[in-house]
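# Reading the structure
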Amino acid sequence: MTEKIEKYLMPLAEAIGRNKYLVSVRDGFLLSTPLLIAGSIFLLIANFPIPAWTNWIGSIVVNKTTGLTLGALLEKPSAATFSIMAIFAVMGIAYSFAREMKTDKLFASATALMSWFLLMPYVVEGTTTIGKKQVPVKLSGIPTGWVGAKGIFLGIIVAFLSVHIYSYVEKKGWTIKMPKGVPPTVVQSFSALIPATLVMTFFFLINLLLGFLGTDAFTIIFTFLQTPLLNLGDTLGAMVTAYIFLHIFWFFGINGGSVVGAVFNPILQTLSAENIAYFTKGIGSAHIINQQFQDLFATFGGCGSTISLIIAMLAFCKSKRVTELGKLALIPGIFGINEPIVFGIPIVLNPTLIIPFILVPTLNIIISYLAMAAKIVPVCSGIAIPWTTPPIISGFLATNWAGAVLQLLLIIMGVFIYLPFIKVIDKQYTKEEIEASNQKEEDSIDLDNISFDDL
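I will try to describe carefully the structure that is included in this document. No experiment lies behind these values; they were computed from the predicted model shown. (Residues numbered from 1 in each chain as written. Predicted model: local features only at pLDDT ≥ 70, side-chain atom pairs only at ≥ 80, totals over all residues. Heavy atoms only, no water.)

## Quick notes on the nonpolar core
Ranked by internal contacts, the top residues of the largest apolar core, which has 110 residues, are Phe 29, Trp 116, Ile 152, Met 239, Ile 341 and Phe 343. If you tally residues by element for this core, the top one is helix α21 (residues 401-443), at 12 residues. When sequence neighbours within four positions are dropped, the list of residues in contact with Trp 116 reads Ala 86, Ile 87, Val 90, Trp 146, Val 147, Gly 151, Leu 154, Gly 155, Val 158 and Phe 218. (Core = buried A, V, L, I, M, F, W, Y, C linked by side-chain atoms within 4.5 Å. Buried < 20%, exposed > 50% of the residue type's maximum accessible area, 1.4 Å probe, protein only. Helix = DSSP H or I, 4+ residues; strand = E, 2+ residues; numbered from the N terminus. Contact = heavy atoms within 4.5 Å.)

So, in structure tokens, the structure goes:
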């Protein structure tokens, strides 16, 4: 089975390694990987699944004037990474793509970032109290929603398009030529003026057109992706459909949880509330599908149920890149934080992993639903359990030992589903590491064997 999968996927992996667009996405996300791992540590500390701990750090006031607590302060590092990860993605992808296009990497990436911000609506929506009424208000500012995962997909498009235009103009020679003797940095700066201006003009016209239509590029992308989810309801089919969409969005670099959650989470929370009423007062009926079912049985370790992927990476892979990333991502993954894996392998725009990334959560949902429908595992009561609670523990708290065993079996199943696919990537990365090592040895100078006769 593994050999057959490798037979078909190895050529695909090698093709990906030669495709300048996918290579740029893969390498571009590496810019944010160390930042996301560091942010994951603080996010875990701030949301450690022990109520006494979260209550304690929430009670320590750091700034009495603003009421800032230690808990809120511990959230800032994750906000400075996860909440603005699209900025790093646009910079990194544009820089990597400029390298592939043989153009100025620094100025091309800066131009791409400018173009992306140019398309962004500078409107922050909120509410304020006037008298006793809550009144909606709109303020001028950069909305954090768009600079986070919601803005990554458009950022990828803008990065590729802007670098293409920049490279085309530069190669046509439409640049300002400076006389000899001018410092190189000044030459590069003036050389980038015309390409950057033409890129800016292009995206300005797009923004102008969309403005006349009463919308913007960010809203169009988000609305278009959210539309297929509007009719989902309380069924197994709805849950599976929602999670297929959720993981497809993540594959394209979009926070699927935000898109799907905007529509589906209110339904799940309502179902959880009805379960609480049923189990405490006997009102209504129990629902298998609810918020706790999603949080505790659909995925383990984050989207894609990547705790299984991490185990496969650590237990069966040889590439230093894969195993070291697995070590770094293991602890955050146990507590449900998996951005280091999603953007580190990466899973985003990686066709080799799209099948298990969607298949594992889908099977988790179906098997868990059938187990609860058959009364092998009790239905979740609806009582909230912190999303950072590790699997097996969370299964026991939500149901009983049967839920914990089910989680363990699903994680093991996920390992074997991910295994043949991550082995393909492992072989590719191992090959690249060997080639890089050999190239380094060839390029090195052996001082002990230098002879002037060879000159």
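## Examining the pattern of salt bridges
Under the criterion given, the structure shown has five salt bridges. Note that Glu 125 is salt-bridged to Lys 138, the shortest N-O span being 3.9 Å. Of this pair, Glu 125 sits in strand β3 (residues 123-130) while Lys 138 sits in strand β4 (residues 133-140), placing them 13 residues apart in sequence. Residues Glu 125 and Lys 138 agree in their burial class; the two are exposed. One continuous salt-bridge network, built from bridges that share partners, spans Asp 27, Arg 99 and Glu 100. (Salt bridge = Lys/Arg side-chain N within 4 Å of Asp/Glu carboxyl O.)

## Here's the deal with the environment of Thr 299
Position of Thr 299 relative to the elements: it lies in the loop between α15 (291-298) and α16 (307-316). Using a relative accessible area of 13% as the deciding quantity, one classes Thr 299 as buried.

## Here's the deal with unusual backbone geometry
Following Ile 345, the chain continues to Pro 346 via a peptide bond in cis, the omega torsion being -10°. Among the secondary structure elements, Pro 346 is positioned in the loop between α18 (339-344) and α19 (351-373). At Leu 349, a position not held by glycine, the phi torsion is positive, near 55°. For Leu 349, the location among the structural elements is in the loop between α18 and α19. Phi at Ile 392 takes a positive value of approximately 80°, unusual for a residue other than glycine.

## Some remarks on the environment of Leu 44
Counting through the fold element by element, Leu 44 comes out in helix α3 (residues 33-46). Measuring from C-alpha to C-alpha, the distance between Leu 44 and Ile 337 comes to 7.9 Å, with 293 residues separating the pair along the chain. When sequence neighbours within four positions are dropped, the list of residues in contact with Leu 44 reads Ile 331, Phe 335 and Ile 337.

## A few points about the packing of aromatic side chains
Counted under the stated rule, the structure contains 14 aromatic pairs. Centroid distance Phe 153 to Phe 252: 5.6 Å. Interplanar angle 65°. Geometry classified as edge-to-face. One end of the pair, Phe 153, is in helix α9 (residues 152-171); the other, Phe 252, is in the loop between α13 (236-251) and α14 (256-281), with 99 residues separating them in the sequence. Look at Phe 153 and you get partly exposed, because its relative accessible area is 21%. Overall, the relative accessible area of 31% leaves Phe 252 in the partly exposed class. Geometrically, the ring pair formed by Phe 245 and Phe 249 is tilted, given 6.0 Å between the ring centres and 40° between the ring planes. Here Phe 245 and its partner Phe 249 are both found in helix α13, four residues apart, which amounts to about one turn of the helix. (Phe/Tyr/Trp six-rings, centres within 6.5 Å; stacked < 30°, edge-to-face > 60°.)

## Let's talk about helix α6 (residues 85-100)
The terminal C-alpha atoms of α6, which comprises 16 residues, lie 22 Å apart, in line with the 22 Å expected from a rise of 1.5 Å per residue. Considered for burial, the residues of α6 that qualify are Met 85, Ala 86, Ile 87, Phe 88, Ala 89, Val 90, Gly 92, Ile 93, Ala 94, Ser 96, Phe 97 and Ala 98. Structurally, α6 contributes buried residues whose contacts are with α2 (20-29), α3, α7 (105-119), α8 (144-147), α9 and α18. (Expected span 1.5 Å × (residues − 1).)

## A closer look at a nonpolar patch on the surface
A cluster of nonpolar residues, Ile 392, Ile 393, Phe 396, Leu 397, Trp 401, Val 405, Leu 408, Leu 409, Ile 412 and Phe 416, forms a patch on the protein surface that exposes about 1000 Å² of accessible area. Those elements that place two or more of their residues in the nonpolar patch are α20 (393-398) and α21. Mapped onto the elements, Leu 409 comes out in helix α21. For Leu 409, a relative accessible area of 52% gives the class exposed. (Patch = residues over 30% accessible without salt bridge, like charges linked within 9 Å, V, L, I, M, F, W, Y side chains within 5 Å. Areas by Shrake-Rupley, 256 points an atom, 1.4 Å probe, with all protein chains shown as cover.)

## Some points on the pairing of β4
Of all eight residues that make up β4, zero are buried, and the element is exposed over most of its length. Summarising the sheet, β3 and β4 pair through eight bridges and their orientation is antiparallel. When the bridges of β4 are listed, Thr 127 appears paired with Pro 136. From the end of β3 to the start of β4, which pair antiparallel, there are two residues, and Gly 131 there has a positive phi angle of about 70°. (Pairing = 2+ DSSP bridges.)

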